[in-house]
Amino acid sequence: MAIPATAKLHIMSDPEPFITIDGDYASGLLLLADHARNELPEGYGTLGLPKSEFRRHIAYDIGVEQVTRLIARQLDVPAVMCGFSRLLVDPNRGEDDPTLIRQLYDGAIISGNYPLPDRERELRLERWYRPYHRAVAIAVEKVADRCGMPPLIIAIHSFTPHMQGFDRPWHASLLWDTDDRAMRLLYDALTKDSGLNIGDNEPYDGALKGDTMYQHATVNGYPHVLIEIRQDLIAHQDGQAQWAGILANALDDINRRPDIHQQQKFGSRTHA
C-alpha cells in the first residue's frame, strides 16, 4: 500500500486530547474518529520505535482524519477526533482492556510501553484518554439536546489491507454489537448497485466492551455504527474525496429518517 509522504510522526510538546469540528448540532448526526492522528508528546520520543512505524496502521488510522473532515464539511455536522497516537493509549478500548497500551502490535515491539508503572498508566489516562471521552460525551449530549432526539453516532476507522499473512478483500466494513438499526440501512445503501465488497463485522467484531461505541452509544441506546474503510483506498486525496462522498450521501439519507432517532437499549454481546 502506498502511504502518502505527509504521513510522518509529529512529536509535539503536548498534543491535544481531541479536536472538535463544529457543525449543525441540531442535525442529529455526530462523527467520531478515535484514531485520527499519530502524534506523541515530546517527552515520549518515539516510544522506542523507528519513526517509520508511525506511518503504519499501528500508530493511527490512515486517511481517517481527512475523510471525517470532508464528511463533516459536506453535511455540516459536528465531529470529535482524537489528537494523539493510539500507541500512547488507545481511546477505542476500555480502561481495563489489555490492549489499552500496547507493548506489541503487528510485529512492532513498543519498548517505551514496557515496563509501564501504574503512575504512568494513570497519567496517560488522565491527560489524554479521559479528556477525549469527556469531549465525546459532551458532543453526544449537545447533539441530543439541540435536535431533541437521540443522536445517530458514526465512528470512522480504517484497516490495513494485509495483516498477519492474510489479505482483507473488503472495500469497507461495518462493525456493530447488537444494535443493527444503522448498520442494516448503511449496508443496504453501500451495496445497492455499487459493486462494493462490504464486510459485516470484518475484519474485527464490533462487540468490544468499553470501546467508544460501547461507552457513548450502546449503553445509552443510541443508534450507531462503526465504519472501517480499507486504508489503501483512502491513503490519497482522490480516494478520501470519493469515500467521503459515498458515505456522506448514505449517512445523510439515514439521518433524515425519523425512525432512526429512537432510544432503544439492545444490550451487548460482551455480557453474554
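Residues numbered from 1 in each chain as written. Predicted model: local features only at pLDDT ≥ 70, side-chain atom pairs only at ≥ 80, totals over all residues. Heavy atoms only, no water.

Go over the overall build of the protein with me, naming the residues and quoting the values.
Assigned secondary structure in the protein consists of 5 helices and 13 strands. A globule of 272 residues ought to have a C-alpha radius of gyration of about 19 Å, and the protein, at 18 Å, matches this closely. When the backbone C-alpha atoms are referred to their principal axes, the protein occupies close to 50 × 35 × 35 Å. Excluding contacts between residues fewer than 6 apart, the proportion of contacts in the protein whose partners are at least 24 apart in sequence is 83%. About 11900 Å² of surface is accessible on the protein, with carbon and sulfur atoms providing 48% of the total. The average position of the 28 basic charges and that of the 38 acidic charges among the side chains of the protein differ by 2 Å. (Helix = DSSP H or I, 4+ residues; strand = E, 2+ residues; numbered from the N terminus. Rg over C-alpha atoms; globule rule 2.2 N^0.38 Å. Contact = heavy atoms within 4.5 Å. Areas by Shrake-Rupley, 256 points an atom, 1.4 Å probe, with all protein chains shown as cover. Lys, Arg positive; Asp, Glu negative; His and termini not counted. Charge placed at Lys NZ, Arg CZ, Asp CG, Glu CD.)

I'd love a proper account of the nonpolar core, names of residues and values included.
Core analysis: the biggest nonpolar cluster contains 42 residues, and Leu32, Leu87 and Val89 have the highest contact counts within it. In terms of residue count, the dominant contributor to this core is helix α2 (residues 118–147) (10 residues). Judged by nonpolar contacts, the second largest core, of 37 residues, contains Val67, Ala182, Leu247 and Ile254. (Core = buried A, V, L, I, M, F, W, Y, C linked by side-chain atoms within 4.5 Å. Buried < 20%, exposed > 50% of the residue type's maximum accessible area, 1.4 Å probe, protein only.)

Before we move on, can you summarise the packing of aromatic side chains with the specific residues and values?
According to the stated counting rule, one finds 2 aromatic pairs in the structure shown. With a centroid separation of 6.1 Å and an interplanar angle of 80°, the aromatic rings of Tyr44 and Trp128 are classed as edge-to-face. Of this pair, Tyr44 sits in the loop between β4 (40–41) and α1 (64–75) while Trp128 sits in helix α2; the two residues are 84 residues apart in sequence, bridging distant segments of the chain. For Trp128, a relative accessible area of 4% gives the class buried. Between Phe159 and Trp170, the aromatic rings sit 6.5 Å apart at their centres with planes inclined by 65°, giving edge-to-face as the arrangement. (Phe/Tyr/Trp six-rings, centres within 6.5 Å; stacked < 30°, edge-to-face > 60°.)

Residue-level account of the environment of Ala172, with values.
Mapped onto the fold, Ala172 is located in strand β11 (residues 172–175). Along the chain, Ala172 and Leu186 lie 14 residues apart, while their C-alpha atoms are 11 Å from each other.

Could you give an account of the pairing of strand β2 (residues 18–21), with specific residues and numbers?
Alternating positions in β2 separate cleanly, Ile19 and Ile21 being buried on one face and Phe18 and Thr20 remaining unburied on the opposite face. Note that β2 and strand β5 (residues 79–82) share 4 bridges and pair antiparallel. By the bridge assignment for β5, Thr20 is matched with Val80. (Pairing = 2+ DSSP bridges.)

Explain the pairing of strand β3 (residues 29–33) to me, using residue names and the numbers behind them.
Taking burial as the measure, the 5 residues of β3 include 5 buried ones, the bulk of the element. Burial of the side chains of β3 extends over both faces: Leu29, Leu31 and Ala33 are buried on one face and Leu30 and Leu32 on the other. For β3 and strand β8 (residues 152–159), the ladder comprises 4 bridges, and the chain directions are parallel. Residue pairing in the sheet places Leu29 in a bridge with Leu152 of β8.

Quick rundown of the sheet that holds strand β13 (residues 224–230)? Include the residues and the values.
Pairing within the open sheet is mixed, and its 7 strands lie in the order β2-β5-β3-β8-β13-β11-β12. Each having just a single partner strand, β2 and β12 (198–200) make up the two edges of the open sheet. Each neighbouring strand pair of the sheet contributes to a mean axis angle of 20°, computed without reference to strand direction. One ladder, built from 3 bridges, connects β3 with β5; its direction is parallel. Residue pairing across strands places Leu32 opposite Val80, the latter belonging to β5. (Axes fitted to C-alpha atoms, helices over the stretch in contact; angles between N-to-C directions.)

So what about empty space enclosed by the protein? Which residues, and what values?
For the structure on display, the rule yields 2 cavities of 30 Å³ or more. Considering only enclosed or pocket space, the largest cavity measures out at about 60 Å³ in volume. Lining the largest cavity, in full, are Leu175, Trp176, Asp177, Gly206, Leu208, Asp211, Met213, Tyr214, Thr218, His224 and Leu226. Taken together, the elements giving at least two residues each to the lining of the largest cavity come down to α4 (212–218) and β13. With 3 residues, α4 is the largest single contributor of residues to the lining of the largest cavity. (1 Å grid on protein atoms, 1.4 Å probe; cavity = no way out; pocket = protein on both sides within 12 Å on 5 of 7 lines; lining within 4 Å. Points joined across faces, edges and corners; volume = space filled by probe spheres on them.)

Can you tell me about unusual backbone geometry, naming the residues and giving the values?
Geometrically, the link from Tyr114 to Pro115 is a cis peptide bond, its omega value of -5° lying close to zero. With respect to the secondary-structure elements, Pro115 resides in the loop between β7 (108–109) and α2. Following Glu202, the chain continues to Pro203 via a peptide bond in cis, the omega torsion being -10°. Within the secondary structure, Pro203 sits in the loop between β12 and α4. One non-glycine residue, Asp76, lies in the positive phi region at around 55°.

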